[in-house]
Amino acid sequence: MSTARATRLLAEHGPNELPRDRGPSLLGRVLTQLRDPMILLLCGALVLVLAVSDHPDAVIIATVIVVNTAIGVTQDVRAQHAVDALTRMAAPLARAWRDGRLTELSATELVPGDLVQLDAGDVVPADVRLVDTAGVEVDESAMTGESVPVARGAGQDLLSGTALTRGRCVGTVVRTGPASALGQISALVSGRPRPTPLQLRLSRLSRQLVLVTGAVCLLVGVLALVQGESLTAAAILAVSLGVAAVPESLPAVVTISLALGAYRMARRHAVVRHLPAVETLGSVTVLATDKTGTVTSGILTARRLWTPDGECELSGTAYGMAGELTGTPAARAGAARLLRDAALCNDASLVPMEDEWRPVGDPFDVALLVAARRGGVTPESLRGWARTDETSFDSALGYARTVHEDAGGRTLEVVKGAPEKVLDLLPPGELVDEARDRTAELAADGFRVLAVVENRTWVGLVAVIDPPHPAAADVLRQCRSAGIRPVLVTGDHAATAEAVATELGILDEGHVADGDVVDRGEHVAQVESIDVYARIRPEQKVAIVDAWQSRGAVVAMTGDGINDAPALRRADIGVAMGGRGTEVARQAADLVLVDDDLSTLVEAVAEGRRIHTNIRTFLRYGLAGGLAEVAVLLAAPLLGLPVPLTPGMILWINLMTHGVPGVAFGGEPLDPLVMRRPSPAPGRSVLDRVLVKQIVFAGALVTAVSLAAGSWADLSGGDVRTAVFVTLGLAQLWLALALRAPRSGAWAAWRERGLEAAVALAATLQLAGVAVPGLRELLGTVPLGADGLLVTLVLSALPALVVRLSRRSKAAVGELTAPEGR
């Protein structure tokens, strides 16, 4: 192609790069976040506390608004990060013929019609149609999930973002930029992430609290006016009560819970790129997992060896040195011969490390060489055979051939390749028929089979598979026990997928489906009966996630390749492998497993459940206290008592109970019983029926003892407000201790005692409100005598005692192990 024509085509088609959507400005993103219902609720609470000059609460709420807005803006730009990662995957340089000579140029300058040259190790810079090839094999695992390099010949296409593992080729560029395979995946990855279940629940709760708080403020203001208070005093009282009724510490509890969760995950080698992701894992009901490199090691491993003398099993994992042959003596002798031949007809190499090998070469050759080492074939035993001739692997031939000669002049010809090609080199007979039958059986079991022929008279078969990760089966079993449904979604063959799924225990009562089912849309109706999807393209993975989400499921997607990125983005939470994973997958994911350890998934689910439980516990505590404060103000006049609390008292109680103790709920440890329950339904409100009953029950108890303290003070000639003030505050603090999570033992680590320390500090400050002269004048309290202090302490402890006994009785009959809200 001439430079002039290339310039015209570049102007017509645009540069060979992925489109970059810059998105809204920073200010636009901030304004979008401020329209969120929870942020609006916080803004309203901020106005209220500023109106009553409650500056400490104002600082806390303003800080929470800023932090939550920053989190939302971060989430909003993650789609752009994923697209940028896809852009970086493109090859920076390419070799193309321009003006009659081979020129190295920027890959962004390629245009349709360019003739390009590619060698082993090159990343394909655009979609290329092959014109001339020499032993080309392509690693398409990042695009298709296919774990084995695929042979490609003239007339076939190479997809952008894939890589040549063997051979060399010349081809014509057919698609560039957004039109390429990589560009189409980029379009699938872009877009705003779905709101998490936590965000949906809190948004719903925000709307509920806004309505309830407004109604309560109006009612209290009217009652204050009826009791003879001035309009200003009534307004201040109503606003103060409104602040007390709003659990403004909730966002801080959520943020701290998520931050602590992210910190704990980081210590387990998992990077949380999106804070709500940890909580979302606790809500997951379906785990859609990729196969290659996720539930499998992504490393081809020889497992079975067949020869006319018998069949052997070969143990060992990945590139580890440990492993041995098992079988009859005759079968082991035949396997040793087979492994020697496979090692001779081989161009890979192994570099010994501490307890494993570092491989160099084609994955299939590496698998054969590792098998040979485990089978006792040493490099020394091979040095006696000098290679005298060879035929490199060619996709048209379907095999590679080498000829060797030993010191005595004996010649050995080894042919290695696809059974359907290699077995044709042998004379027809019983041996060939038996080898073909065994090949079919091994393929049906999910193995990839390689035939090795010696001197065109003897044959052996090597069955290779990408085996499941050692921890995968246990991880998936724990997911099932936690109520999470695992589903395997892969681009690999159906037989291979079924074999892996069976070994992992994924195949239950469901069945295996292929990509055609998804193309026809039949998977939507059958989604709950399909355990395994095979031969799936990237856009089909997204359709499968959508189908589950349409059923109300919270879907987690695990993966490591470019082909997983769209589904990682579309899922409620994406989990990427950090070691073997591509940069695209890591950028599209919410959680990255740095060391590819699947057991971290279970720990992440537990962390999510812990966060969800802590938020519910805080709501039970905070809303019960707010309800009690409202109920005390409403019920006191009915008992003939004066207004039992001043605005200053309400705000002080609110600061003591919703401040440090409320935030401390975010650091509560995990209750082991939580992992025995199914994931909470995503559509259920945070304030479900069970939680509302618990709030009303605890609130009623606190109300009763507070009014009892006021009545006792009224009858004994004491100060009603002081008695109610002390009892109401302490009762909420003791309630926090009654609701705390189980500890690991009587001498639990101090890091699990944050709530107890917070309660002790708040109780001291609450009593300081009646003991310290300056605070007494500020709050309008009077000193309590010994009798008054004893009565308020005893009465305030009663609600916590009743709640604690109630929780223990429910645990004894097993109610705590039942699904919440049912």
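About the cut-offs
Residues numbered from 1 in each chain as written. Predicted model: local features only at pLDDT ≥ 70, side-chain atom pairs only at ≥ 80, totals over all residues. Heavy atoms only, no water. Helix = DSSP H or I, 4+ residues; strand = E, 2+ residues; numbered from the N terminus. Buried < 20%, exposed > 50% of the residue type's maximum accessible area, 1.4 Å probe, protein only. Contact = heavy atoms within 4.5 Å. Expected span 1.5 Å × (residues − 1). Salt bridge = Lys/Arg side-chain N within 4 Å of Asp/Glu carboxyl O. Patch = residues over 30% accessible without salt bridge, like charges linked within 9 Å, V, L, I, M, F, W, Y side chains within 5 Å. Areas by Shrake-Rupley, 256 points an atom, 1.4 Å probe, with all protein chains shown as cover. Lys, Arg positive; Asp, Glu negative; His and termini not counted. Charge placed at Lys NZ, Arg CZ, Asp CG, Glu CD. Pairing = 2+ DSSP bridges. Axes fitted to C-alpha atoms, helices over the stretch in contact; angles between N-to-C directions. Parallel < 35°, antiparallel > 145°, perpendicular 65-115°, else oblique. Left-handed = near helix turned anticlockwise from the far one by under 90°. Nonpolar A, V, L, I, M, F, W, Y, C, P; charged D, E, K, R; others polar. Core = buried A, V, L, I, M, F, W, Y, C linked by side-chain atoms within 4.5 Å. Phe/Tyr/Trp six-rings, centres within 6.5 Å; stacked < 30°, edge-to-face > 60°. Lys NZ or Arg CZ within 6 Å of the ring centre and 35° of its normal. pLDDT = per-residue confidence, 0-100.

Participant: I keep staring at the overall build of the chain and nothing clicks. Help me out?
Facilitator: Check the secondary structure of the chain and you find 32 helices and 25 strands. Within the chain, buried positions represent 54% of all 822 residues. Counting only contacts in the chain whose residues sit at least 6 apart along the sequence, the fraction spanning at least 24 positions is 70%.

Participant: Help me understand helix H25 (residues 599-635) in this model?
Facilitator: Since the α-helix turns once every 3.6 residues, residues separated by three or four places project in the same direction. The first and last C-alpha atoms of H25 sit 53 Å apart over 37 residues, in line with the 54 Å expected at 1.5 Å per residue. With respect to burial, H25 is a largely interior element, 31 of its 37 residues being buried.

Participant: Explain the pattern of salt bridges to me, please; I cannot follow it from the model alone.
Facilitator: Proximity of charged atoms lets side chains of opposite charge pair with each other. Scanning all chains against the criterion turns up 30 salt bridges. Among the salt bridges present, the one from Arg98 reaches Asp114, with a minimum N-O distance of 2.7 Å. Here Arg98, found in strand S1 (residues 93-98), pairs with Asp114, found in the loop between strand S2 (101-106) and strand S3 (115-119); they are 16 residues apart in sequence, far enough to count as distant. Overall, the relative accessible area of 0% leaves Asp114 in the buried class. We note a salt bridge from Lys416 to Asp365, for which the minimum N-O separation is 2.6 Å. Of the two residues, Lys416 sits in strand S17 (residues 411-417) while Asp365 sits in helix H14 (residues 363-374), which places them 51 residues apart along the sequence. Note on accessibility: Lys416 and Asp365 belong to one class, buried. One network of salt bridges, in which partners are shared, links Asp127, Arg129, Asp157 and Arg175.

Participant: What exactly am I supposed to notice about a negative patch on the surface here?
Facilitator: Judged by side-chain charge, Glu430, Asp433, Glu434 and Asp437 come together as a negatively charged surface patch. Relative to the helices and strands, Asp437 resides in helix H17 (residues 430-444).

Participant: Looking at this structure, I do not really get the sheet that holds strand S25 (residues 591-593). What am I missing?
Facilitator: Sheets are built from strands paired through backbone hydrogen bonds, the pairs being either parallel or antiparallel. Here we have eight strands laid out as an open sheet, ordered S8-S25-S24-S23-S9-S20-S22-S21, and mixed in their pairing. In this open sheet, the two edge strands, each paired with only one partner strand, are strand S8 (270-272) and strand S21 (511-514). Going across the sheet, the axis of each strand differs from the next one's by a mean of 20°, ignoring polarity. Two strands pair when backbone bridges link them, and strand S9 (residues 286-289) and strand S20 (residues 485-489) are joined in this way by four bridges, in the parallel orientation. Residue pairing for S20: Val286 is matched across the bridge by Arg485.

Participant: For this particular structure, what's the right way to read the packing of H25 against helix H28 (residues 689-716)?
Facilitator: Working note: a packed helix pair is described by the angle between its axes plus the distance between those axes. Put simply, H25 and H28 touch, their axes get as near as 7 Å, and they point 45° apart. By the angle between their directions, the pair H25 and H28 is classed as oblique. Relative to H28, the crossing made by H25 is right-handed. Only Leu691, Gln694, Ile695, Val696, Ala698, Gly699, Val702, Thr703, Ser706 and Leu707 of H28 make contact with H25, whose side of the interface consists of Arg616, Leu619, Arg620, Leu623, Ala624, Leu627, Ala628, Ala631, Val632 and Ala635. Tallied by class, residues from the contact of H25 with H28 come to 14 nonpolar, four polar and two charged.

Participant: Quick question: what am I supposed to make of the nonpolar core here?
Facilitator: Nonpolar side chains in soluble globular proteins generally cluster together in the buried interior. Leu281, Leu591, Leu645 and Phe725 are the most contacted members of the largest nonpolar core, which totals 97 residues. In terms of residue count, the dominant contributor to this core is H25 (15 residues). Not counting residues up to four positions away in its chain, the partners in contact with Leu281 are Ala556, Ile573, Leu591, Ala604 and Val605. Counting residues in each nonpolar core, the second largest holds 37 residues, with Leu300, Ala302, Leu305 and Trp385 among its members.

Participant: Whenever I open this one, the packing of aromatic side chains confuses me. Can you help?
Facilitator: Centre-to-centre distance and the angle between the planes together describe a pair of aromatic rings. In this structure the tally under the stated criterion is two aromatic pairs. Consider the rings of Tyr621 and Phe665, whose centres lie 5.1 Å apart with planes at 40°: the pair is tilted. On the criterion of sequence distance, the pair formed by Tyr621 in helix H25 and Phe665 in the loop between helix H27 (660-664) and H28 is long-range, its members being 44 residues apart. Like Tyr621, the residue Phe665 is buried in the burial classification. Of the aromatic side chains, those joined through ring pairs into one cluster are Phe618, Tyr621 and Phe665. If you follow Arg337 out to its NZ or CZ, it ends over the ring of Trp458, 4.1 Å from the centre.

Participant: Can you help me understand the sheet that holds strand S18 (residues 448-454) in this one?
Facilitator: The sheet built from eight strands is open, its strands ordered S12-S11-S10-S19-S18-S17-S16-S15 with antiparallel pairing. Either end of the sheet is taken by a strand with one partner, and the two such strands are strand S12 (325-326) and strand S15 (386-394). Here S15 runs beside strand S16 (residues 399-405); their pairing, made up of six bridges, is antiparallel. Residue pairing in the sheet places Ala386 in a bridge with Glu405 of S16. Here H14 sits on the sheet in contact with strand S10 (301-307), strand S11 (310-314), S17, S18 and strand S19 (458-465), set at roughly 70° to S10.

Participant: What's the story with the pairing of strand S13 (residues 349-352) in this structure? I'm lost.
Facilitator: The side chains of a regular strand alternate, first on one face of the sheet and then on the other. In this structure, S13 lies alongside strand S14 (residues 357-360), joined through four bridges in antiparallel fashion. Bridge assignment links Ser349 to a residue of S14, and that residue is Val360. Between the antiparallel neighbours S13 and S14 lie four residues.

Participant: Sorry if this is basic, but what is going on with a nonpolar patch on the surface here?
Facilitator: The grouping of Leu218, Val222 and Val226 at the surface amounts to a nonpolar patch, some 310 Å² of accessible area in total. For Val222, the location among the structural elements is in helix H8 (residues 197-226).

Participant: Sorry if this is basic, but what is going on with the confidence of the model for the chain here?
Facilitator: Keep in mind that low pLDDT regions are not for reading the predicted coordinates in detail. In the predicted model, the chain carries a mean pLDDT of 81, and the fraction of residues at 70 or more is 81%. Residue range residues 82-91 is modelled with pLDDT below 50. Its contacts to residues more than four positions away, or to other chains, number 32 contacts. This model gives residues 813-822 a pLDDT under 50, and the stretch forms 22 contacts once residues within four places in sequence are excluded.

Participant: What is the right way to read the environment of Phe665 from this model?
Facilitator: Accessibility expressed as a relative area gives 0% for Phe665, which makes it buried. Look past the residues within four positions of Phe665 in its chain and what remains in contact with it is Asn614, Thr617, Phe618, Tyr621, Ala736 and Leu755.

Participant: Quick question: what am I supposed to make of the environment of Val794 here?
Facilitator: Along the chain, Val794 turns up in helix H32 (residues 786-812). You can call Val794 partly exposed: its relative accessible area is 45%. Along the sequence, Val794 and Thr727 sit 67 residues apart, while their C-alpha atoms lie 9.0 Å from each other.

Participant: It is not clear to me how the pairing of S9 should be interpreted in this structure. Could you clarify?
Facilitator: Going residue by residue along S9, you find Val286 and Ala288 tucked away on one face and Leu287 and Thr289 tucked away on the opposite face as well. Note: S9 against strand S23 (residues 555-559), four bridges, orientation parallel. When the sheet's bridge partners are listed, Val286 is paired in S23 with Val555.

Participant: Just checking my understanding: could you explain the environment of Val124 for this structure?
Facilitator: One can find Val124 in the loop between S3 and strand S4 (127-139). Sequence-wise, Val124 and Ser160 are 36 residues apart; in three dimensions their C-alpha atoms are separated by 5.0 Å. Those residues in contact with Val124, other than ones at most four positions away along the chain, are Leu118, Leu158, Leu159, Ser160, Gly161, Thr162 and Leu164.

Participant: What exactly am I supposed to notice about the side chain of Glu454 here?
Facilitator: Of note, Glu454 is situated in strand S18. In this structure, Glu454 is in contact with Arg337, Arg340, Asp341, Leu412 and Glu413, ignoring residues within four places of it in sequence.

Participant: Whenever I open this one, unusual backbone geometry confuses me. Can you help?
Facilitator: Phi at Arg456 is positive, roughly 55°, even though this residue is not glycine. Taking relative accessible area as the criterion, Arg456 reaches 31% and is therefore assigned partly exposed. Phi is positive for Arg535, which is not a glycine, with a value near 55°. Turning to its location among the elements, Arg535 is positioned in the loop between strand S22 (530-534) and helix H22 (538-550).

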